[in-house]
Amino acid sequence: MSYECAKCHSSMEEGFLLEKGHYNDLSSEVWVSGSPDEKSFLGRMTIKGKVTYNVRTFRCTNCGYLESYAR
Ligand SMILES: [Zn+2]
């Protein structure tokens, strides 16, 4: 499946946004349902019980526009 840039209609290349976590752990971004303001009882952000999707981000090879899809 190929995507076309919404801005300049050039071709998009597939990739993902990299998240640099603690201790330089590398992971891709994840889409999470709900609000990031919902904290656990320890006051930490939590994704327990939430719907998550891996996010794929396409980059326009011409203008650099980014478009993300959570599937
Ligand atoms: Zn473009």
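This one's a predicted model, so the numbers in the text were calculated from it and none came from an experiment.

### What to know about the coordination of the zinc ion
Step number 1: Taken together, the protein ligands of the zinc ion are Cys5 (SG), Cys8 (SG), Cys60 (SG) and Cys63 (SG), with distances of 2.3 Å.
Step number 2: Between the 4 donor atoms coordinating the zinc ion, the angles at the centre fall across 101 to 119°, so the site counts as tetrahedral.
Step number 3: Within one chain, the residues serving as donors to the zinc ion are arranged as C-x2-C-x51-C-x2-C. Of the two residues, Cys8 is situated in the segment before β1 (12-15) and Cys63 in the loop between β5 (52-60) and β6 (66-70); the sequence distance between them amounts to 55 residues.

### Overview of the pattern of salt bridges
Step number 1: Here the structure, examined in full by the defined rule, presents 3 salt bridges.
Step number 2: Between Glu38 and Lys50 there is a salt bridge, and its shortest N-O distance comes to 3.3 Å. Remark: Lys50 occurs in the loop between β4 (30-32) and β5 and Glu38 occurs in the loop between β4 and β5; sequence separation between them is 12 residues.

What counts as what
- Residues numbered from 1 in each chain as written.
- Predicted model: local features only at pLDDT ≥ 70, side-chain atom pairs only at ≥ 80, totals over all residues.
- Heavy atoms only, no water.
- Donors = N, O, S within 2.8 Å, 3.2 Å for Na, K, Ca; no water.
- Tetrahedral: all angles 85-135°; square planar, octahedral: opposite > 155°, others 65-115°.
- Helix = DSSP H or I, 4+ residues; strand = E, 2+ residues; numbered from the N terminus.
- Salt bridge = Lys/Arg side-chain N within 4 Å of Asp/Glu carboxyl O.

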